[in-house]
Amino acid sequence: MKLCILTGSKRNCFGGVYTELFTGSQNFQNKRIYGYIHFVTPYQSAGVGIGQIGHLPAKFRITFPEAFKALTKEQMMNMRVEGNLTLNQSKLVEYVQQTSEGTLNNLLFQKAKSARDIPICLQATALIDEANRKITPGTQQILTHIQSLFTHPVTADIILFFNQHQGGIARHYDEATGISTRFLFRLPNEQFKNIPVQELKEQYTKLHAQVITLNEDELKNYVLALGSDVFMRDSTIHRIKLRSREVSFLPNESQQQ
């Protein structure tokens, strides 16, 4: 059975593996597929991957969202990619005409000189790490932001003081990204234990603190377990894993006026 495709004023007919390639590409167009990353460009905005289109191994061009630029090339190439497949049909015809059927059975478009020459494109929607954790651009943005908080002290709003003078919960809000990060704090020193909790609430609404580092695996598991919406909407977190040290309270400005 032959498949005929009209490109411009020219009619192109193909059979065998070529037919499987075209029908497979069209069936998977705008659908989610998975693949392995084999190359990432220096600017990390694109790359080359290999996956399956039907029964055929397919080489495809990958475009990466901005958030994944926070990762190193090595980290990205150790992950699988999930994305939506798109194709340029006229370029696909051209490459099929230049490629032997045996090559298509082995590795699609081996003659492509660069990623830009590959007419099948995967718009990356997520990366999947070695622990099979799915990292979306939104998740990566949150991970990158929280990791940045580990590098320097932050100013945060005090959400509440615990009873029994055990400390409380603070929230750092980043205006640029809209991400809210809640963390636990202890009272700066023993003298604050002599002040009633209600007075602490009235006198102190902000603090300065250093968020304690979580390792990469712990942070990923924490953010993925909670979900991105918790950080974007500042939802209540019942089990906060982020803690802080070197805490100092900032006086309530309205109390000083």
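Residues numbered from 1 in each chain as written. Predicted model: local features only at pLDDT ≥ 70, side-chain atom pairs only at ≥ 80, totals over all residues. Heavy atoms only, no water.

(A) View of the pairing of strand E10 (residues 168-174). Most of E10 sits inside the fold, with five of its seven residues counted as buried. From the end of strand E9 (residues 154-161) to the start of E10, which pair antiparallel, there are six residues, and Gln164 there has a positive phi angle of about 65 degrees. As paired elements, E10 and strand E11 (residues 179-185) share seven bridges and run antiparallel to each other. Of the residues in E11, the one forming a bridge with Gly168 is Phe185. Turn length for the E10-E11 hairpin, with the two strands adjacent in sequence and antiparallel, is four residues, and the turn residue Gly178 shows positive phi of about 80 degrees. (Buried < 20%, exposed > 50% of the residue type's maximum accessible area, 1.4 Å probe, protein only. Helix = DSSP H or I, 4+ residues; strand = E, 2+ residues; numbered from the N terminus. Pairing = 2+ DSSP bridges.)

(B) Examining the nonpolar core more closely. Counting 55 residues, the largest nonpolar core has Phe64, Leu127, Phe161, Phe183, Leu207, Leu242 and Phe249 as its most contacted members. Aside from chain neighbours lying at most four places away, what touches Leu207 is Val154, Thr155, Ala156, Ile158, Ala170, Phe183, Phe185, Val247, Ser248, Phe249 and Leu250. (Core = buried A, V, L, I, M, F, W, Y, C linked by side-chain atoms within 4.5 Å. Contact = heavy atoms within 4.5 Å.)

(C) Examining the pattern of salt bridges more closely. The tally for this structure, following the rule as stated, stands at 13 salt bridges. For the salt bridge of Glu190 with Lys193, the shortest nitrogen-to-oxygen distance reads 3.5 Å. Given the relative accessible area of 57%, Glu190 is considered exposed. A relative accessible area of 42% means that Lys193 is categorised as partly exposed. Glu216 is paired through a salt bridge with Lys220; the nearest N and O atoms lie 3.5 Å apart. Here Lys220 and Glu216 lie together in helix H7 (residues 216-226), a separation of four residues that amounts to about one turn. Each member of the salt-bridge network shares a partner with another, and the members are Asp129, Arg133, Glu216, Asp217 and Lys220. (Salt bridge = Lys/Arg side-chain N within 4 Å of Asp/Glu carboxyl O.)

(D) Looking closely at the sheet that holds strand E13 (residues 244-251). Across the sheet, which stays open at both edges, the five strands sit in the order E11-E10-E9-E12-E13 with antiparallel pairing between neighbours. Every interior strand has two partners, whereas the edge strands, E11 and E13, have only one. Each neighbouring strand pair of the sheet contributes to a mean axis angle of 35 degrees, computed without reference to strand direction. This element, helix H5 (residues 137-149), spans E9, E10, E11 and strand E12 (204-211) of the sheet and lies at about 45 degrees to E11. (Axes fitted to C-alpha atoms, helices over the stretch in contact; angles between N-to-C directions.)

(E) Region of interest: the confidence of the model for the protein. The pLDDT averaged across the protein works out to 83; a share of 76% of its residues lies at or above 70. This stretch, residues 1-18, has a pLDDT under 50; its non-local contacts, to residues over four places away or in other chains, come to 44 contacts. This model gives residues 105-110 a pLDDT under 50, and the stretch forms 24 contacts once residues within four places in sequence are excluded. (pLDDT = per-residue confidence, 0-100.)

(F) Representation of the packing of aromatic side chains. Under the definition given, this model contains seven aromatic pairs. With a centroid separation of 6.4 Å and 80 degrees between ring planes, the pair formed by Tyr222 and Phe231 is classed as edge-to-face. Each of the two residues, Tyr222 as well as Phe231, counts as buried. In textbook terms, an aromatic cluster arises when at least three aromatic residues are bridged by ring pairs, as seen for Phe161, Phe185, Phe192, Tyr204 and Phe249. (Phe/Tyr/Trp six-rings, centres within 6.5 Å; stacked < 30°, edge-to-face > 60°.)

(G) View of the side chain of Gln44. Within the secondary structure, Gln44 sits in the loop between strand E3 (32-40) and strand E4 (46-53). With a relative accessible area of 13%, Gln44 lands in the buried category. Of note is the side chain of Gln44, whose polar atom sits 2.3 Å from the backbone oxygen of Leu71. With near-sequence residues (within four places) excluded, Gln44 lies in contact with Phe64, Phe68, Lys69, Leu71, Thr72, Lys73 and Met76. (Polar contact = N/O pair within 3.5 Å; in protein donor to acceptor, adjacent residues only side chain to side chain.)

(H) Molecular detail of the pairing of E9. As judged from the four bridges shared by E9 and E12, these two strands associate in the antiparallel manner. Among the inter-strand pairings, Val154 is bridged to a residue of E12, identified as Ala209. Relative to E10, E9 runs antiparallel, the two sharing four bridges. Counted as the bridge partner of Asp157 is Arg171 from E10.

(I) Spatial organisation of the packing of H5 against H7. At a closest axis distance of 10 Å, the pairing of H5 and H7 adopts a crossing angle of 130 degrees. Viewed along their axes, H5 and H7 adopt a mutual orientation that is oblique. Of the two possible hands of crossing, H5 and H7 adopt the one that is right-handed. In this structure, H5 contributes Thr139, Ile142, Leu143, Ile146 and Gln147 to the contact, and H7 contributes Leu219, Lys220, Val223 and Leu224. (Parallel < 35°, antiparallel > 145°, perpendicular 65-115°, else oblique. Left-handed = near helix turned anticlockwise from the far one by under 90°.)

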